[in-house]
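# Descriptive analysis of the structure
Chain residues, written in single-letter form:
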Amino acid sequence: MSDEDATTVPAGDFGPPEDGLQRLWTPHRMVYIGGQDKPADGTVGQCPFCRIPAGDDEQGLVVARGAECYALLNLYPYNSGHLMVLPYRHVSDYVDLTDSETAELAAMTQTAVRTLGAVYSPAGYNIGMNQGEVAGAGIAAHLHQHVVPRWLGDANFLPVAGQTKALPELLADTRARLAAAWPSGAGSTSEGGR
Ligand SMILES: [Zn+2]
């Protein structure tokens, strides 16, 4: 698609009056997988979120394992410490979670925020899920809740730098720090990390 084809309508035409603030909430960027290694289809056999729990925590960047849900680092993080909390079960729609899955997803999301707070002291968080590919889900077939720590000014250069983002800590180190800080009994990994 060329620029000539695009019809651009200024955001101010539909939104509230301009307030001069930059919009930092960019859910379309919160994908797990880029096009290069996106699953071929939505089946369990193609699903990395079904495959990862069978392997070891270091390899899969798993931070914590609960009874029905687990937490892992995003392989393509929006920020350092970008976690995802998701059910083991291959389910695409939030409304199709069981009551116990819903409860554990919520509890582990809270623990993720507490753990990130203890380790990284971020200034804020984006928490949420992109439901369906049209909403920006990289792996739409297996729902996952993003927990993204935010720091003041962390997205200032994104519109200029495009698809690249500086991430100051290696993922393996981030995983080890968060796994060690994750409280035991709140979906901690059996293999430890401490
Ligand atoms: Zn799956």
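Up top is the structure.
Predicted, not measured: the structure shown is a model, and the values here were computed from it. (Residues numbered from 1 in each chain as written. Predicted model: local features only at pLDDT ≥ 70, side-chain atom pairs only at ≥ 80, totals over all residues.)

## Things to note about the nonpolar core
In this structure, Val63, Ala71, Leu72, Leu83 and Val85 are the most contacted members of the largest nonpolar core, which totals 28 residues. Of all the elements in the fold, those that place two or more residues in this core are β1 (62-65), β2 (69-73), β3 (83-87), α3 (99-120), β5 (145-150) and α5 (171-181). Per element, the largest residue contribution to this core is 5 residues, and it comes from β2. In contact with Val85, not counting residues within four places along its chain, are Cys69, Ala71, Leu105, Met108, Thr109, Ala112, Gln145 and Val147. (Core = buried A, V, L, I, M, F, W, Y, C linked by C-beta atoms within 7 Å. Buried ≥ 20, exposed ≤ 12 C-beta atoms within 10 Å, placed from the backbone. Helix = DSSP H or I, 4+ residues; strand = E, 2+ residues; numbered from the N terminus. Contact = placed C-beta atoms within 7 Å.)

## Overview of α5
For α5, the complete set of buried residues consists of Thr174, Arg175, Leu178 and Ala179. Buried residues of α5, seen end-on, are gathered within an arc of 125° and therefore sit on one face of the element. Set apart from the buried face of α5 by more than 90 degrees, the exposed residues are Ala172 and Asp173. In the core, the buried residues of α5 are packed alongside α2 (57-60), β1, β2 and α3. (Arc of directions from axis to C-beta.)

## Observations concerning the environment of Val44
Mapped onto the secondary structure, Val44 falls in the segment before α1 (48-51). Separated by 45 residues in the primary sequence, Val44 and Arg89 place their C-alpha atoms 9.4 Å from one another. The contact partners of Val44, leaving out residues within four places of it in the chain, are Cys50 and His90.

## Details of the packing of α3 against α5
Any two packed helices are characterised by the angle at which their axes cross and by the distance between the axes. One way to put it is that α3 packs onto α5 with a least axis distance of 9 Å and a crossing angle of 115°. When the interaxial angle is binned, α3 and α5 end up roughly perpendicular. Seen from above, α3 lies across α5 with right-handed handedness. Across the interface between the two elements, Thr115, Ala118 and Val119 of α3 pack against Arg177, Leu178 and Ala181 of α5. Residues that form the contact of α3 with α5 fall into these classes: 4 nonpolar, 1 polar and 1 charged. (Axes fitted to C-alpha atoms, helices over the stretch in contact; angles between N-to-C directions. Parallel < 35°, antiparallel > 145°, perpendicular 65-115°, else oblique. Left-handed = near helix turned anticlockwise from the far one by under 90°. Nonpolar A, V, L, I, M, F, W, Y, C, P; charged D, E, K, R; others polar.)

## Here's the deal with the sheet that holds β2
Paired through backbone hydrogen bonds, the strands of a sheet run either parallel or antiparallel to each other. If you trace the 5 strands from one edge of the open sheet to the other, you get β1-β2-β3-β5-β4, paired in antiparallel fashion. Of all strands in the sheet, those bounded by a partner on one side alone are β1 and β4 (124-128). When the angles between neighbouring strand axes are averaged without regard to direction, this sheet yields 15°. Note: β1 against β2, 3 bridges, orientation antiparallel. Paired with Ala64 across the bridge in β2 is Ala71. The strands that α5 touches are β1 and β2; relative to β1, the one it contacts most, it runs at about 25°. (Pairing = 2+ DSSP bridges.)

## Thoughts on unusual backbone geometry
Note: most residues except glycine have negative phi, and most peptide bonds are trans. The phi dihedral of Leu61 is positive, around 60°, even though this residue is not glycine. For Leu61, the position within the fold is in the loop between α2 and β1. We note that Ser121 has phi near 45°; this positive angle belongs to a residue other than glycine. Here Ser121 lies in the loop between α3 and β4.

## Here we look at the environment of Ala180
Take Ala180: it is sitting in helix α5. Look at Ala180 and you get partly exposed, because 14 C-beta atoms sit within 10 Å. Separated by 116 residues in sequence, Ala180 and Ala64 have C-alpha atoms that sit 9.5 Å apart.

## Comments concerning α3
Taking 1.5 Å per residue as the helical rise, α3 with its 22 residues ought to reach 32 Å, and the 31 Å between its terminal C-alpha atoms agrees with that figure. In this structure, the buried residues of α3 make contact with β1, β2, β3, β4, β5 and α5. Once α3 ends, the next one or two residues include Ser121, with phi positive near 45°. (Expected span 1.5 Å × (residues − 1).)

Honestly, that's just the spatial picture; any functional story needs more than this.
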